[in-house]
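So you can see what is in the structure, the chains are spelled out below.
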Amino acid sequence: MTARTLDRIPAVDRSAPIPAETAWKAVTSRDRRRDGEFVYAVRTTGVYCRPGCPSRRPRRENVEFFATPAAAARAGYRACARCRPAEAVVPAIATLERARARLDAQLDAPPALRTLARDVGLSPAHLQRTFRSAFGLSPKQYVLERRAARFKTSLRRNARVTDAQYDAGYSAPSRAQAGAVAHFGMPASAYRNGGRGADIHYAFRETEFGVLMVATTPRGLCAVAIGDSAPALESNLEREFPLANRRQVTARRTADDERFLGWIDAILSHLAGRQPRLSVPADVAATAFQRRVWRALQRIPYGETRTYAAVAKSIGQPGSARAVARACATNPLAVVVPCHRVVPATNGPGGYRWGAGRKKRLLNRES
């Protein structure tokens, strides 16, 4: 008799299951590195355990595997009193910090996931999942973000682009330029020079929520902000890109102006409740994690809200509620990326980059 699998055991990407043979091998060897990746249940005892449980080994034909303790409990099994599999099995934060420190020290040639996992005493799948849960990124994404951050710092210090590229750990100019466009929204040379050569058009509108500023590059919106005054919003834009070719658009003088002002009209209609669904192009600098969160926010229906924990769960990282809150706080596109629809689990609207009062009024309007 072969063991059936009710919940397939997820591997690194949660889509390819770990073969039952691999799981059984971990059970027979009491491999504690697999604790937290799955649990096994024994039909004859009605108990489920961690792979590393020191209890007597069961017969293979009496065993089935589950991805989570909750799945085993739903199937009618109870938790082992000896290994306590129902408790969260996450490696000590010190273990994950060791992994992160190793990546920080080798940004130019980071170790492979399998090598990194072996060095810190975890399985690759377990490291991948718990690292993402703790830091909001996979180890590979973490390296890419750290390189981009180091690249940004070097460029801000007026280092030559080539020097900054190698200092950040990029192996080739093409990789550095691709990283710059993905994270800064423009080529590295333009970012280094305060946006020199970048064309940014912007406009202001008075709304019931305050002054709305919308700014765009040729590729899409790069800023949508709500504030108390146009000069303050304009000053923020100038601080980020002091040498960009900034032009305030007040009339439809060109085809580009026509398109840009059309986007503003769509945003105003959305704010007024006449256009619940908003679809405009964006061109913003963001990490991979931020982009995933912002896409999740855009899927929240008009008039509804979600908690930070619910958004974290929707992107497959239920332990990243705080990281989701940070992504909301750094959202540069008010209303377009509706971070105002994310609220704390407790009562009240919670914080908002453009003011808690505005967030409450936006939610009242949408509801």
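Residues numbered from 1 in each chain as written. Predicted model: local features only at pLDDT ≥ 70, side-chain atom pairs only at ≥ 80, totals over all residues. Heavy atoms only, no water.

## Describing unusual backbone geometry
(1) Moving on: Located in the positive-phi region is Arg 84, a residue other than glycine, with phi close to 50°.
(2) Moving on: Positioned with a positive phi, Val 335 is a non-glycine residue whose angle comes to about 70°.
(3) Moving on: Structurally, Val 335 is set in the loop between helix H14 (321–329) and strand E10 (342–343). (Helix = DSSP H or I, 4+ residues; strand = E, 2+ residues; numbered from the N terminus.)

## A closer look at the nonpolar core
(1) Moving on: Judged by nonpolar contacts, the single largest core of 71 residues is most densely connected at Leu 221, Val 224, Phe 260, Ile 267, Val 293, Leu 297 and Val 324.
(2) Moving on: Those residues within four positions of Leu 297 in sequence are excluded, and the remaining contacts are Val 311, Cys 328, Val 337, Pro 338, Cys 339 and Val 342.
(3) Moving on: Counting 14 residues, the second largest nonpolar core, distinct from the first, contains Ala 23, Trp 24, Phe 38 and Tyr 40. (Core = buried A, V, L, I, M, F, W, Y, C linked by side-chain atoms within 4.5 Å. Buried < 20%, exposed > 50% of the residue type's maximum accessible area, 1.4 Å probe, protein only. Contact = heavy atoms within 4.5 Å.)

## Notes on the pattern of salt bridges
(1) Moving on: Within this structure, the stated rule accounts for 11 salt bridges.
(2) Moving on: Residues Asp 228 and Arg 358 are paired through a salt bridge, measuring 2.6 Å at the closest nitrogen-oxygen approach. Here Arg 358 lies in helix H15 (residues 356–366) and Asp 228 lies in the loop between strand E7 (220–227) and helix H10 (230–240), a separation of 130 residues in the sequence.
(3) Moving on: The class of Arg 358 is buried, set by a relative accessible area of 12%.
(4) Moving on: Overlapping salt bridges, with partners in common, bring together Arg 102, Arg 118 and Asp 119 in one network. (Salt bridge = Lys/Arg side-chain N within 4 Å of Asp/Glu carboxyl O.)

## As for the sheet that holds strand E2 (residues 47–49)
(1) Moving on: Reading across from one edge, E3-E1-E2-E4 is the order of the four strands in this open sheet, with mixed pairing throughout. Lying at the two open borders of the sheet, with one neighbouring strand each, are strand E3 (63–66) and strand E4 (78–79).
(2) Moving on: With two bridges connecting them, E2 and E4 associate as parallel partners. In the strand pairing of E4, Tyr 48 is matched with Ala 79.
(3) Moving on: The sheet strands contacting helix H1 (residues 20–28) are strand E1 (39–42) and E3, and the helix crosses E3 at an angle near 105°. (Pairing = 2+ DSSP bridges. Axes fitted to C-alpha atoms, helices over the stretch in contact; angles between N-to-C directions.)

## Some words on the packing of helix H12 (residues 288–298) against H14
(1) Moving on: Here H12 crosses H14 at 80°, and the two axes come no closer than 9 Å. What the angle tells us is that H12 and H14 run roughly perpendicular. For the pair H12 and H14, contact is made by Phe 289, Gln 290, Val 293, Trp 294 and Leu 297 and by Ala 323, Val 324, Ala 327 and Cys 328, respectively.
(2) Moving on: Per-class residue counts for the contact of H12 with H14 are eight nonpolar, one polar and no charged. (Parallel < 35°, antiparallel > 145°, perpendicular 65-115°, else oblique. Nonpolar A, V, L, I, M, F, W, Y, C, P; charged D, E, K, R; others polar.)

## Describing the packing of aromatic side chains
(1) Moving on: With the rule as written, the count across this model stands at five aromatic pairs.
(2) Moving on: Relative to Phe 204, the ring of Tyr 202 has its centre 5.7 Å away and its plane inclined at 80°; by these criteria the two rings are edge-to-face. A single burial state applies to Tyr 202 and to Phe 204, both of which are buried. (Phe/Tyr/Trp six-rings, centres within 6.5 Å; stacked < 30°, edge-to-face > 60°.)

## Concerning the pairing of strand E5 (residues 199–207)
(1) Moving on: With four bridges joining them, E5 and strand E8 (residues 245–248) adopt parallel strand pairing. What sits directly across from Asp 199, in E8, is Asn 245.
(2) Moving on: Across seven bridges, E5 lies against strand E6 (residues 210–217) in antiparallel orientation. Looking at the pairing, Glu 206 lines up with Val 211 of E6.
(3) Moving on: Between E5 and E6, which follow one another and run antiparallel, lie two residues.

## So, the sheet that holds E5
(1) Moving on: Spatially, E7-E6-E5-E8 is the arrangement adopted by the four strands of the open sheet, whose pairing is mixed. The outermost strands of the open sheet, each flanked by one partner alone, are E7 and E8. On average, each strand axis in the sheet is tilted by 20° relative to the strand beside it, whichever way the strands run.
(2) Moving on: Its contacts with the sheet place helix H11 (residues 255–271) against E5, E6, E7 and E8, and it is angled at close to 35° to E5.

## Side note on the state of the cysteines
(1) Moving on: Here the structure, examined in full by the defined rule, presents zero disulfides.
(2) Moving on: Looking at Cys 53, it has no disulfide partner, and the nearest cysteine sulfur is the one in Cys 83, 3.8 Å off.
(3) Moving on: Residue classification places Cys 53 among the buried positions, given a relative accessible area of 2%. (Disulfide = S-S within 2.5 Å.)

## Comments concerning empty space enclosed by the protein
(1) Moving on: Here the structure, examined in full by the defined rule, presents one cavity of 30 Å³ or more.
(2) Moving on: In terms of residue count, the dominant contributor to the lining of the largest cavity is H15 (three residues).
(3) Moving on: Looking at the lining of the largest cavity residue by residue, the class counts come to four nonpolar, two polar and two charged. (1 Å grid on protein atoms, 1.4 Å probe; cavity = no way out; pocket = protein on both sides within 12 Å on 5 of 7 lines; lining within 4 Å. Points joined across faces, edges and corners; volume = space filled by probe spheres on them.)

## What about the side chain of Thr 217?
(1) Moving on: Position of Thr 217 among the secondary structure elements: in strand E6.
(2) Moving on: Polar contacts involving the side chain of Thr 217 include one to the side chain of Asp 283, which spans 2.6 Å.
(3) Moving on: Excluding anything up to four places from it in sequence, Thr 217 contacts Asp 199, Ile 200, Cys 222 and Asp 283. (Polar contact = N/O pair within 3.5 Å; in protein donor to acceptor, adjacent residues only side chain to side chain.)

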